[in-house]
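Residue-level listing of the chains:
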Amino acid sequence: MLDSDAMLNKPVHGLLLAAVLGLAACSTEDLPIVGRPAASFDNGSVKMADYKLRLKILQENYRKQTQAQGEVKFPSLDGPAGRSSEVILETEAVQDLVDAALIERQAQPRRISVSEDDINKSVDPFRTNYNTLAAQQTQAGKPTLSFNDYLNSLGFSLDQLRQQVRSRIFEQRLEDKMALQREAAALAMLRQGADIGTVAKKYSDDTGSAASGGVLMLKTTDLANVPSLKPTLDALQPGQSTADFVRVDDGYYYFKLTSRDATTTKMQYVYVYDPKPELYTAAKREKWFIDSITSWEQQAHVKYNVGSRAT
C-alpha cells in the first residue's frame, strides 16, 4: 500500500518452506493427551502427529532466534520464562493446521483446485537446491543423505512437505478470488457514483488511510519510487480519477487526484490487497480474510485440545 515513507510496501515472505529443510533434530515432549486429535470440527480433525510435527518446526525456528538474538528477546523454551512462548507456538501450530483444513473446504465450492504440477513447481526447487549442496559435500568427501532420507531423518516425509505446499497454494488462490470480488464490488460502487471516501472506508486495505476516506498526501518527488504507479498518477489532472483499478505486485489501486504541485501530491485512493502468487504470505492476512476464517471456524464448531484455546 502507499504511504508517505515507503511508497509501495511489498509484503515480505512469511514462514518459508525452507524452514522445513533447515530443521535440525530436536525433541518434543510427549503431550498428556493420548488418543485424541489436536483439534476437531464438523466432519474433520487435526491429527496429533501432524500437530506435533508442525510444533517441532516452530520450536526449532524459535530456538534459532534465541541463539541469534539472545534470551532477553526470546527466552529459552527449556526454562520457566519461555513457557508463555511455548504456549504461543502450540497455539500457532494447531491453528495453522485448522486454518488449512477450513480454507480448503471453502476453496472447493469456489472451483479452486491445486494440481500435482502446481505442487511440483514449489517443491522441485528445494529438492534441486538440496541435491546441489549434497553433491558439493560428496565431492568434498562428506557423506550425505538423499533428499527423501534427509526429510525422513527429521521425521518429515516428502508427502507431508507436499501437503504443506498444497495448503499454502489453496490459501493464496482463495484469497485471490475473494480479493477480486472485493475489487469488483468497490469498482461497482464507484461507477454507480459513490464517493471514493465512502468506498475507501468500506473496502480499502490501507487501514492507515481508510478511516479518513483514503486521503493521502505525498512528496511529489517520492512518486519516482513507485514506477509501476507513477504513469497512472502523472496522467491524472486534479479532480480526475482512474477509469479502473490498476494492478501492481501487491494488489489493486484506484486513485482520485486532489491536487499536485512541485512539492506535494494529494489524493484519495482505494487499495485492495492481493499480492501476486510469488509474494503471497500467510503472515500478512488482511482483516477481512482473518474475519472470514474466524466465521468458518465458528460454523464448523472447532474444538481445540492443545494450545491456549484448549477446553
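Preceding this section is the structure that the text describes.
What this report covers is the structure whose coordinates are included nearby.

About the criteria used
Residues numbered from 1 in each chain as written. Predicted model: local features only at pLDDT ≥ 70, side-chain atom pairs only at ≥ 80, totals over all residues. Heavy atoms only, no water. Helix = DSSP H or I, 4+ residues; strand = E, 2+ residues; numbered from the N terminus. Buried < 20%, exposed > 50% of the residue type's maximum accessible area, 1.4 Å probe, protein only. Contact = heavy atoms within 4.5 Å. Areas by Shrake-Rupley, 256 points an atom, 1.4 Å probe, with all protein chains shown as cover. Core = buried A, V, L, I, M, F, W, Y, C linked by side-chain atoms within 4.5 Å. Pairing = 2+ DSSP bridges. Axes fitted to C-alpha atoms, helices over the stretch in contact; angles between N-to-C directions. Parallel < 35°, antiparallel > 145°, perpendicular 65-115°, else oblique. Left-handed = near helix turned anticlockwise from the far one by under 90°. Nonpolar A, V, L, I, M, F, W, Y, C, P; charged D, E, K, R; others polar. 1 Å grid on protein atoms, 1.4 Å probe; cavity = no way out; pocket = protein on both sides within 12 Å on 5 of 7 lines; lining within 4 Å. Points joined across faces, edges and corners; volume = space filled by probe spheres on them. Expected span 1.5 Å × (residues − 1). Salt bridge = Lys/Arg side-chain N within 4 Å of Asp/Glu carboxyl O.

1. With respect to the overall build of the protein chain
- Along the backbone of the protein chain there are 10 helices and seven strands.
- Expressed as a percentage of the 311 residues in the protein chain, the buried residues total 47%.
- The long-range share in the protein chain, meaning contacts at least 24 apart out of those at least 6 apart in sequence, stands at 66%.
- Element-wise, carbon and sulfur atoms account for 52% of the exposed surface of the protein chain, whose accessible area totals about 16100 Å².

2. Brief notes about the nonpolar core
- If you look at the biggest cluster of nonpolar residues, it comprises 57 residues, and the most contacted ones within it are Phe245, Phe255 and Phe289.
- In terms of residue count, helix α6 (residues 158–191) provides more of this core than any other element does, 12 residues in total.
- What Phe245 contacts, discounting residues up to four positions off in sequence, is Glu183, Ala186, Leu187, Leu190, Tyr252, Tyr253, Tyr254, Val270 and Val272.
- Formed by 21 residues, the second largest nonpolar core is a distinct cluster that contains Ala39, Met48, Leu55 and Leu97.

3. So, the sheet that holds strand β7 (residues 303–304)
- Pairing in this open sheet of three strands is antiparallel, and the strands run β2-β1-β7 from one edge to the other. Because the sheet does not close on itself, it has two edges, and the strands there are β2 (44–46) and β7.
- Contacts from helix α3 (residues 83–107) reach β1 (39–41), β2 and β7 within the one sheet, and its direction differs from that of β1 by about 25°.

4. Some thoughts on the sheet that holds strand β5 (residues 251–260)
- Here we have four strands laid out as an open sheet, ordered β3-β6-β5-β4, and antiparallel in their pairing. Pairing within the sheet leaves two strands with one partner each, and these edge strands are β3 (215–219) and β4 (246–248). Across the sheet, the mean angle separating the axes of adjacent strands is 45° when strand polarity is ignored.
- The strands that α6 touches are β5 and β6 (264–273); relative to β6, the one it contacts most, it runs at about 130°.

5. Digging into the packing of α6 against helix α7 (residues 196–203)
- Viewed as axis vectors pointing N to C, α6 and α7 meet at an angle of 160°, and their least axial separation amounts to 9 Å. Here α7 runs roughly antiparallel to α6, going by the angle between their axes. Our pair here, α6 against α7, has a crossing hand that is right-handed. Between α6 and α7, the contacting residues are Arg182, Ala185, Ala186, Met189 and Leu190 on the first element and Ile196, Thr198, Val199, Lys202 and Tyr203 on the second.
- When grouped by side-chain class, the residues that make up the contact of α6 with α7 number seven nonpolar, one polar and two charged.

6. Notes on unusual backbone geometry
- For Arg111, which is not glycine, the phi dihedral falls at a positive 60°.
- Relative accessible area serves as the criterion here: at 80%, Arg111 is assigned to the exposed category.
- Phi at His301 takes a positive value of approximately 55°, unusual for a residue other than glycine.
- Position of His301 among the secondary structure elements: in the loop between α10 (287–299) and β7.

7. Comments concerning the layout of surface pockets
- Empty space within the second largest pocket amounts to approximately 540 Å³.
- Taken together, 19 residues line the second largest pocket, and the ones lying closest to its centre are Asp50, Leu97, Ala100, Gln163 and Ser167.
- Elements with a contribution of two residues or more to the lining of the second largest pocket: β2, α2 (48–69), α3 and α6.
- Its residues assigned to classes, the lining of the second largest pocket comprises six nonpolar, six polar and seven charged.

8. Concerning α3
- Under the 1.5 Å per step criterion, the end-to-end length of α3 is 36 Å for 25 residues, consistent within 8% with the ideal 36 Å.
- By the criterion of burial, α3 is predominantly enclosed, with 18 of the 25 residues buried.

9. Observations regarding the pattern of salt bridges
- Counted according to the given criterion, the structure contains 19 salt bridges.
- Here Arg285 makes a salt bridge to Asp99, at a shortest N to O gap of 2.9 Å. With Arg285 in the loop between β6 and α10 and Asp99 in helix α3, this residue pair connects regions lying 186 residues apart in the sequence.
- Between Glu286 and Lys284 there is a salt bridge, with its nearest N and O atoms 2.5 Å apart.
- For Glu286, a relative accessible area of 9% corresponds to the buried category.
- What you see here is one network of salt bridges that share partners, running through Arg54, Asp96, Asp99, Arg168, Glu171 and Arg285.

10. Some words on α10
- Its 13 residues place the ends of α10 18 Å apart at the C-alpha level, agreeing with the 18 Å of an ideal helix rising 1.5 Å per residue.
- What α10 keeps buried is the set Trp288, Phe289, Ser292, Ile293, Trp296 and Glu297.
- Next to the buried residues of α10 lie α3, α6, β6 and β7.
- A positive backbone phi angle near 55° is found at His301, which sits one or two residues after α10.

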